[in-house]
Amino acid sequence: MPDSILTPLEEEIVKLIAEGNSVKEVAETLFISVKTVDRHRANTLQKLGMRDRLELTRYAIRAGLVEP
């Protein structure tokens with residue numbers, strides 16, 4: 001999948017989620033609201049055709065956003 005599918009913020013959110021952070025922790029790290037994180041996560045799942053956090057984590061590993 002091309003890297004350009006996701007925005008830099010979406011990539012950062014995927015990375016933080018894949019590292020095991022909760023939505024609240026992601027929001028605090030990025031200084032954004034929990035609702036904003038939820039919205040970006042939902043948009044990312046839709047863009048990538050995925051259903052859940054596990055698939056998002058697999059994507060992050062394949063895309064090199066996090067180490068396995």
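Description of the structure in this document. All values reported here derive from a predicted model rather than from experimental measurement. (Residues numbered from 1 in each chain as written. Predicted model: local features only at pLDDT ≥ 70, side-chain atom pairs only at ≥ 80, totals over all residues. Heavy atoms only, no water.)

## Digging into the overall build of the protein
Selection rule: Secondary structure elements follow DSSP: runs of H or I no shorter than four residues count as helices, runs of E no shorter than two count as strands, and numbering proceeds from the N terminus. To get the radius of gyration, use the C-alpha atoms; to get the globule rule, take the number of residues to the power 0.38 and multiply by 2.2 Å. For every residue, the accessible area (1.4 Å probe, protein chains only) is compared with the maximum for its type, and the residue is labelled buried under 20%, exposed over 50%, or partly exposed between those bounds. Two residues qualify as a contact provided that any one of their heavy atoms is within 4.5 Å of a heavy atom in the partner residue. To measure how exposed things are, a 1.4 Å probe is used in the Shrake-Rupley method; for residues, cover is taken only from the protein chains shown.
When you go through the protein residue by residue, the secondary structure sums to four helices and zero strands. Its C-alpha atoms give the protein a radius of gyration of 11 Å, near enough to 11 Å, the size a compact globule of 68 residues would have. In terms of overall dimensions, the protein has C-alpha extents of about 30 × 25 × 20 Å along its principal axes. A buried classification covers 34% of the 68 residues belonging to the protein. Long-range pairs, those at least 24 residues apart, make up 50% of the contacts in the protein between residues at least 6 apart in sequence. Accessible surface, the protein: about 4,400 Å² in total, of which carbon and sulfur atoms supply 53%.

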